[in-house]
Amino acid sequence: MRASDKVYESLRTDIVEWRLHPGTVLAEVEQSERLGVSRTPVREALARLVADGLAVAQRGRGVVVSEVSEDHLEDLFVLRRALEITSARQAAASENRAEFASLAQKFDQAVDLADLSGSREDYYQLVTHLDDTVDAAANNPYLATALRTLRVHLQRVRRLAKDNPTRLRESAREHAAIAWAISAGNAEVAAAATTVHLHNSLTHIKTYTVGSER
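Because the structure is predicted, anything quoted here is derived from the model rather than measured. (Residues numbered from 1 in each chain as written. Predicted model: local features only at pLDDT ≥ 70, side-chain atom pairs only at ≥ 80, totals over all residues. Heavy atoms only, no water.)

Chemist: Can you walk me through the overall build of the protein chain in this structure?
Modeler: Broken down by element type, the protein chain carries nine helices and two strands. Ordering the α and β elements of the protein chain from the N terminus gives α-α-α-β-β-α-α-α-α-α-α. For 214 residues, the compact-globule estimate of 2.2 N^0.38 gives 17 Å, and the protein chain sits close to it at 19 Å. Based on the C-alpha atoms only, the size of the protein chain along its principal axes is roughly 55 × 35 × 30 Å. Taking the contacts inside the protein chain whose residues are at least 6 apart along the sequence as the reference set, 77% of them involve residues at least 24 apart. With the model as given, the accessible surface of the protein chain reaches about 11,000 Å², and the carbon-plus-sulfur share is 50%. Averaging the coordinates of the 27 positive side-chain charges in the protein chain and doing the same for the 30 negative ones gives two points 2 Å apart. (Helix = DSSP H or I, 4+ residues; strand = E, 2+ residues; numbered from the N terminus. Rg over C-alpha atoms; globule rule 2.2 N^0.38 Å. Contact = heavy atoms within 4.5 Å. Areas by Shrake-Rupley, 256 points an atom, 1.4 Å probe, with all protein chains shown as cover. Lys, Arg positive; Asp, Glu negative; His and termini not counted. Charge placed at Lys NZ, Arg CZ, Asp CG, Glu CD.)

Chemist: Would you explain unusual backbone geometry in this entry?
Modeler: Apart from glycine, the bulk of residues carry a negative phi angle, and the bulk of peptide bonds sit in the trans form. Its identity as a non-glycine residue notwithstanding, tryptophan 18 has a phi of 65°, on the positive side. The topology assignment puts tryptophan 18 in the loop between α1 (3-16) and α2 (28-35). Exposure remark for tryptophan 18: the relative accessible area of 4% places this residue in the buried category. (Buried < 20%, exposed > 50% of the residue type's maximum accessible area, 1.4 Å probe, protein only.)

Chemist: Please explain the pairing of strand β2 (residues 62-65) as it appears in this structure.
Modeler: For a regular strand, the rule is simple: side chains alternate between the two faces of the sheet. For strand β1 (residues 55-58) and β2, the ladder comprises four bridges, and the chain directions are antiparallel. Looking at β2, one finds that valine 56 is bridged to valine 64. (Pairing = 2+ DSSP bridges.)

Chemist: Help me understand helix α4 (residues 70-92) in this model?
Modeler: Structural remark: α-helix, 3.6 residues per turn; residues separated by three or four positions point the same way. Compared with an ideal rise of 1.5 Å per residue, which puts 23 residues at 33 Å, α4 spans 32 Å between its outermost C-alpha atoms and is within 8% of the ideal. Taken together, the buried positions of α4 are Leu73, Leu76, Phe77, Arg80, Leu83, Glu84, Ile85, Ser87, Ala88, Ala91 and Ala92. (Expected span 1.5 Å × (residues − 1).)

Chemist: Can you help me understand the nonpolar core in this one?
Modeler: A general trend in soluble globular proteins is that nonpolar side chains are found buried together. If you look at the biggest cluster of nonpolar residues, it comprises 25 residues, and the most contacted ones within it are Phe100, Phe107, Tyr123, Leu130, Val134, Ile182 and Ala190. Elements that contribute at least two residues to this core include exactly α4, α5 (100-110), α6 (120-138), α8 (165-183) and α9 (187-206). With near-sequence residues (within four places) excluded, valine 134 lies in contact with Ser87, Ala88, Ala91, Phe100 and Ile182. (Core = buried A, V, L, I, M, F, W, Y, C linked by side-chain atoms within 4.5 Å.)

Chemist: Could you clarify how one ought to interpret the packing of α1 against α2 in this entry?
Modeler: To characterise two packed helices, one gives the angle between the axes of the helices and the distance between these axes. Here α1 crosses α2 at 105°, and the two axes come no closer than 12 Å. As the angle between them shows, α1 and α2 are arranged roughly perpendicular. Residues Val7, Ser10, Leu11 and Asp14 of α1 pack against Gln31, Arg34 and Leu35 of α2. Grouping the constituent residues of the contact of α1 with α2 by class yields three nonpolar, two polar and two charged. (Axes fitted to C-alpha atoms, helices over the stretch in contact; angles between N-to-C directions. Parallel < 35°, antiparallel > 145°, perpendicular 65-115°, else oblique. Nonpolar A, V, L, I, M, F, W, Y, C, P; charged D, E, K, R; others polar.)

Given below as C-alpha cells:
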C-alpha cells in the first residue's frame, strides 16, 4: 500500500469514528509528524478526503474536517433512498439470491442479540455483509461504486447517533424483512421494506443533535 493510501485510510477512519471532529484543522505538517510520513502523501490524502466530502478547504485555515448538519443529513438520505431502493429491486430480480434466506435468518436471530454490547460490532458486520450481497446480486458496478462512496458518510452519521438497544432490534427486524423479500424475488416488497428502514433510520438519527460531539 502506498504511503498516501495509508494516510488516507488512517485519516478517513479517524473522521468516521469521530476521533477527528468536524472543524478540526488537518494541517499537513502536524499530520505528517503524527503519522510518520512526509508532507507529500498527506497532501495527496487530504485531496482525496476533500473529494469524498469528508473534509473541505477553507480560506485561511487550510483543510478541515467537514461539518455534519441536519441539511446535509437530509441530502444524504435523499441519495440513499434513490440508490438503496433501486439496488434492492435489482437484487430481488436477480437469479443470484441463494444467500438471502440465510442472511434473513441471521437478522431474525440478531433481534434477540442486538442489545448486547459485545455483539454490536458483529451486528454491524452482518449489515455490511448484507450490503455487499445486495450489491453483488444487483450486478450494477456503477450503482455499487456510488453506494460504497455513500456508505463512508453513513458510517460517520451512524457513529453520531447512540447505539440504542431498541433501535438496534428494530433495525434487525427491518433488515430481515429486506432480506426475506429479496430471497422471495419480490422486488416491490424489497423496495417497500427498504423505504421503511431508511425512514426509521433517519427519524432515529434526527432525534440526536446533528453536529454534536461524541
